[in-house]
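Listed below are the residues making up each chain.
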Amino acid sequence: IDVFQAWCGPCKPVVNLFQKIKNEVGSNLLHFAVAEVDSIDALEKYRGQCEPVFLFYTGGELVAVVRGADAPLLQKTILKQL
């Protein structure tokens, strides 16, 4: 989940990275979503930050968090979780 604030919007370059990885691994296990922190109370702790935050869930459990648009780290985290 790409967690963002309305004033800065979701991290568009990362959408391309996720799509590339999904195409390469061909996995139905990888799903990408965006969530605006200002409209979801459960994400309140991510408000007021100026860096993108990516939350990784498996089976409804938070399993990893990546702060910042670090493409190599995001790719590594995605592949590890798959």
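Scoring rules and cut-offs
- Residues numbered from 1 in each chain as written.
- Predicted model: local features only at pLDDT ≥ 70, side-chain atom pairs only at ≥ 80, totals over all residues.
- Heavy atoms only, no water.
- Helix = DSSP H or I, 4+ residues; strand = E, 2+ residues; numbered from the N terminus.
- Buried < 20%, exposed > 50% of the residue type's maximum accessible area, 1.4 Å probe, protein only.
- Contact = heavy atoms within 4.5 Å.
- Pairing = 2+ DSSP bridges.
- Axes fitted to C-alpha atoms, helices over the stretch in contact; angles between N-to-C directions.
- Core = buried A, V, L, I, M, F, W, Y, C linked by side-chain atoms within 4.5 Å.

Visitor: How do you make sense of the environment of leucine 43 when you look at a structure like this?
Guide: By secondary structure assignment, the location of leucine 43 is in the loop between strand S2 (34-36) and strand S3 (53-58). Classification of leucine 43 as buried rests on a relative accessible area of 10%. C-alpha separation for the pair leucine 43 and phenylalanine 4, spaced 39 residues apart in sequence, amounts to 9.7 Å. Apart from the residues within four sequence positions on either side, leucine 43 is in contact with Val3, Ala35, Val37 and Leu55.

Visitor: I tried to follow the sheet that holds S3 on my own but got confused; where do I start?
Guide: Consider a sheet: its strands pair through backbone hydrogen bonds, and that pairing is either parallel or antiparallel. Taking strand neighbours across the sheet as the criterion, the four strands line up as S2-S1-S3-S4 in an open arrangement whose pairing is mixed. Two strands in the sheet have a free side with no partner beyond their single neighbour: S2 and strand S4 (61-67). If you compare each strand with its neighbour and ignore which way they point, the axes differ by 30° on average. Relative to S2, strand S1 (residues 2-4) is paired through three bridges, and the arrangement is parallel. Following the sheet pairing, aspartate 2 is matched in S2 by valine 34. Packed on one face of the sheet, helix H2 (residues 71-81) meets S3 and S4 and runs near 165° to S4.

Visitor: Would you mind going over the nonpolar core with me for this structure?
Guide: For soluble globular proteins, nonpolar side chains are generally found buried alongside one another. Cys11, Val14, Leu17, Phe18, Ile21, Leu30, Phe54, Phe56, Ala64, Val66, Leu74 and Ile78 form the largest nonpolar core, which has 12 residues in total. Of all the secondary structure elements, the ones that give two or more residues to this core are helix H1 (12-25), S3, S4 and H2. The element that contributes the greatest number of residues to this core is H1, accounting for four residues. Those residues in contact with valine 14 that lie beyond four places of it in its chain are Phe54, Ala69 and Leu74. Listed in part, the seven residues of the second largest apolar core include Val3, Val37, Leu43 and Leu55.

By themselves, these observations are geometric and do not establish any function.
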